[in-house]
Amino acid sequence: MKILLYNPDNGVTHNFMPHLWMFLLQSLTPAGHEVVLIDGNAQPMDEAGIARYVQEQKIDLVGIGAMTRMIAKAYRMADAVRAVGVPVVMGGPHVTEMADEALGRDGGARHADAVALGEADETWPRIVEDAAHGELKDIYAPVDAAGKELKPSLKPYPVIPWDTLDLQQFNLVPKFFHRWLQKHGEGWGTFRIVPVESGRGCPYGCEFCTVTGFFGDSIRFRTNESVVNELLLLKARARKERGQIAVFFIDDNFAINIKRTKSLLRDIIAAGAQLNWIAQISANLLRDQELVDLISASGGKWVFIGMESIDPANLKDVNKGFNKPEEYAAVLQRLAQRNVYAITSFIFGMDNDTVGAAERTLEQVRTWPPGLPIFGLLTPLPGTPLYKRLDVAGRLTRPKHWQEFVPFAMAHTPLKMTIDEAHAEVNYGWSHAYGPKAIAQAVDSLDDQPLGYRVNIFIARMCFRGIYFPMLGRFAWWKAISENRGTIFKLAQQGLQSWWDSRSRTDPAPAISSGD
């Protein structure tokens, strides 16, 4: 069979990072089948496009994975594929919670021929073989003979052949810069962020999060050797291509077992497997000085921290009281002292939020080392304790909000502000954190650091600006560049001065003639 694994675009970010599940299932596919991958975030496609593709490429089976914010697009694409006679298997967190919806058992249209519940490491090979024999079942669940759910141990872990996979669709260098950088920017013709997992699961059970329901609260890890070998493979590819590869450890909480994380980071350092990497780590775990030292030494550059709120009452409401807002500044300073910076996530529309929450949050953010703040709205996802609580309380305004996904839009009524006021808070956060003035201030705050750090924070802010203000064309990029021309000119001046100073230090002094 020829199999297409497809991940729909999410309607918010664009071409950020490929999804690991596609590469993982490709590696787990039984021999004798061909697998092709399309990520809608990197390779946009509509319903007519995917229908035409599966017909022209003679695809026999399509697997679609999607989170809740992608599911409306996923259903439309699945419908288009099934309309031309190709069976569809769907999986992921949303389908796991809403299997009857995907199968049309809730009174709506059927979108999938089969669904894979939970982690599909064990069920995918069986799905492929059943499809090959025309015997797809409705539901595939990872359970044992007694009906008890099975969780893959991650030992052993399939080898993903990163050295041979076609990753061209995931090059983050804009096309209109690509040719120039290939010629003049040594090692920067390509830049990719590659997903790697070292473990699964999270025991915290935050009220709004789907992770505990999907992966469970029992933490499972790959062997250190397996992770190190994968990093070495990626590092060798980057060197061969004279390009750049960074890694995003997609673990739900990369340092949830600090002892194990330290062991892994030490092994990465010992093997010379350092690549620039990003990971999600809770603020409370970053109190450990040795852990932060190892993060820096092993290639860690950015840490994603779900701060959610600067209000302890909000954090307690959503079962995230282990976050201590009074510690945020110290945690970020500890990272910055080692040249590691943070992507800090905040949620507005929580039950104790009032008008002005965004500015109060930004007042704190401005006192911290420069990073990448991002802003969203409290969203009740199906299957979460938050959804159940709001449903029982009658506070859901769009009980099936995922059927018509609207980015940055509330699906329930906050307690202390209106829905429109909550929307205004998110808009305020993005516009005031990523306007030209804020970007200039972030760059200037690193004046005591090497020029490279200032350039990095500028590029990172410009790229993250695209989450809320999409820069999907050449005009949008040039507009953003024009708005930030003062900062760009200043960085260029500093770069020229650094180059001149370096040349002056290395040029030999002119010979002094003694005359005749």
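Small disclaimer: the values here were computed from a predicted structure and weren't measured.

**Quick look at the overall build of the protein**
(1) Moving on: Of the regular secondary structure elements, the protein holds 20 helices and 14 strands.
(2) Moving on: The globule rule puts the C-alpha radius of gyration for 516 residues at 24 Å, and the 24 Å found for the protein is close to it.
(3) Moving on: For the protein, the spread of C-alpha atoms along the three principal axes comes to 100 × 55 × 50 Å.
(4) Moving on: Buried positions account for 51% of the 516 residues belonging to the protein.
(5) Moving on: Looking at the protein as shown, the accessible area adds up to about 23700 Å², and 54% of this sits on carbon and sulfur atoms.

**Focus on a nonpolar patch on the surface**
(1) Moving on: A surface patch of nonpolar side chains, amounting to about 390 Å² of accessible area, comprises Leu-496, Trp-499 and Trp-500.
(2) Moving on: On the secondary structure map, Leu-496 appears in helix α20 (residues 485-506).
(3) Moving on: Classification of Leu-496 as exposed rests on a relative accessible area of 56%.

**Considering the pattern of salt bridges**
(1) Moving on: One pass over the full model with this rule turns up 30 salt bridges.
(2) Moving on: A salt bridge links Glu-327 to Arg-287; its shortest N-O distance comes to 3.0 Å. One end of the pair, Glu-327, is in the loop between α12 (312-317) and α13 (328-336); the other, Arg-287, is in the loop between β11 (277-280) and α11 (289-297), with 40 residues separating them in the sequence.
(3) Moving on: Arg-287 sits in the partly exposed class, given a relative accessible area of 40%.
(4) Moving on: Each member of the salt-bridge network shares a partner with another, and the members are Glu-119, Asp-121, Glu-149, Lys-151, Glu-197, Arg-200 and Arg-220.

**Some points on the pairing of strand β10 (residues 244-249)**
(1) Moving on: Burial runs high along β10: five of the six residues are buried.
(2) Moving on: Both strand β7 (residues 191-196) and β10 contribute to a ladder of six bridges, which runs parallel. Each residue of the ladder has a partner; that of Val-196, found in β10, is Phe-249.
(3) Moving on: Crossover handedness for the path β10 to helix α10 (residues 258-270) to β11: right-handed.

**Quick notes on the packing of helix α16 (residues 419-433) against helix α18 (residues 451-468)**
(1) Moving on: It is at 10 Å that the axes of α16 and α18 come closest, and there the two elements cross at 155 degrees. Comparing the axis directions of α16 and α18 gives the class roughly antiparallel. Here α16 and α18 pass one another in a crossing that is left-handed. Where α16 abuts α18, its residues Val-426, Asn-427, Trp-430 and Ala-433 lie against Arg-461, Phe-464, Ile-467 and Tyr-468.

**Describing the sheet that holds strand β2 (residues 34-39)**
(1) Moving on: In spatial order, the strands read β2-β1-β3-β4-β5-β6; together these six strands make up an open sheet with parallel pairing. Unpaired on one side and paired on the other, β2 and β6 (139-140) mark the two borders of the sheet.
(2) Moving on: Judged from the two bridges that link them, strand β5 (residues 114-116) and β6 form a sheet pairing that is parallel. Each bridged residue has a counterpart across the sheet, and for Ala-116 the counterpart in β6 is Tyr-140.
(3) Moving on: This element, helix α1 (residues 20-28), spans β1 (2-7), β2 and β3 (61-65) of the sheet and lies at about 160 degrees to β1.

**Observations regarding the packing of aromatic side chains**
(1) Moving on: Per the stated rule, a full pass over the model turns up 15 aromatic pairs.
(2) Moving on: When the centroid spacing of 4.1 Å and the interplanar angle of 35 degrees are considered together, the rings of Tyr-204 and Phe-322 count as tilted. With Tyr-204 in the loop between β8 (199-200) and α8 (211-215) and Phe-322 in the loop between α12 and α13, the pair connects residues that are 118 residues apart, well separated along the chain.
(3) Moving on: Accessibility expressed as a relative area gives 22% for Tyr-204, which makes it partly exposed.

**Looking at the confidence of the model for the protein**
(1) Moving on: Mean pLDDT over the protein works out to 90, with 92% of the residues at or above the 70 mark.
(2) Moving on: Segment residues 509-516 is flagged for pLDDT under 50; beyond a separation of four residues in sequence, or across chains, it makes zero contacts in the model.

**Here we look at the nonpolar core**
(1) Moving on: Ranked by size, the top nonpolar core spans 102 residues in total, and within it Trp-162, Phe-249, Ile-281, Leu-286, Ile-305 and Leu-335 carry the most contacts.
(2) Moving on: Per element, the largest residue contribution to this core is six residues, and it comes from α18.
(3) Moving on: Listed in part, the 44 residues of the second largest apolar core include Val-36, Ile-71, Val-115 and Ile-347.

**Quick word on the pairing of β3**
(1) Moving on: A large share of β3 lies buried, amounting to five of its five residues.
(2) Moving on: Residues of β3 alternate between two faces, with Leu-61, Gly-63 and Gly-65 on one and Val-62 and Ile-64 on the opposite face, all of them buried.
(3) Moving on: Pairing between β1 and β3: four bridges, direction parallel. When the sheet's bridge partners are listed, Tyr-6 is paired in β3 with Ile-64.

**Overview of the state of the cysteines**
(1) Moving on: In the structure shown here, the tally under the stated rule is zero disulfides.
(2) Moving on: Cys-206 supplies the cysteine sulfur nearest to Cys-209, a cysteine that is in no disulfide, at a spacing of 6.1 Å.

Analysis parameters
- Residues numbered from 1 in each chain as written.
- Predicted model: local features only at pLDDT ≥ 70, side-chain atom pairs only at ≥ 80, totals over all residues.
- Heavy atoms only, no water.
- Helix = DSSP H or I, 4+ residues; strand = E, 2+ residues; numbered from the N terminus.
- Rg over C-alpha atoms; globule rule 2.2 N^0.38 Å.
- Buried < 20%, exposed > 50% of the residue type's maximum accessible area, 1.4 Å probe, protein only.
- Areas by Shrake-Rupley, 256 points an atom, 1.4 Å probe, with all protein chains shown as cover.
- Patch = residues over 30% accessible without salt bridge, like charges linked within 9 Å, V, L, I, M, F, W, Y side chains within 5 Å.
- Salt bridge = Lys/Arg side-chain N within 4 Å of Asp/Glu carboxyl O.
- Pairing = 2+ DSSP bridges.
- Right-handed = clockwise from strand over helix to strand, strands pointing away.
- Axes fitted to C-alpha atoms, helices over the stretch in contact; angles between N-to-C directions.
- Parallel < 35°, antiparallel > 145°, perpendicular 65-115°, else oblique.
- Left-handed = near helix turned anticlockwise from the far one by under 90°.
- Contact = heavy atoms within 4.5 Å.
- Phe/Tyr/Trp six-rings, centres within 6.5 Å; stacked < 30°, edge-to-face > 60°.
- pLDDT = per-residue confidence, 0-100.
- Core = buried A, V, L, I, M, F, W, Y, C linked by side-chain atoms within 4.5 Å.
- Disulfide = S-S within 2.5 Å.

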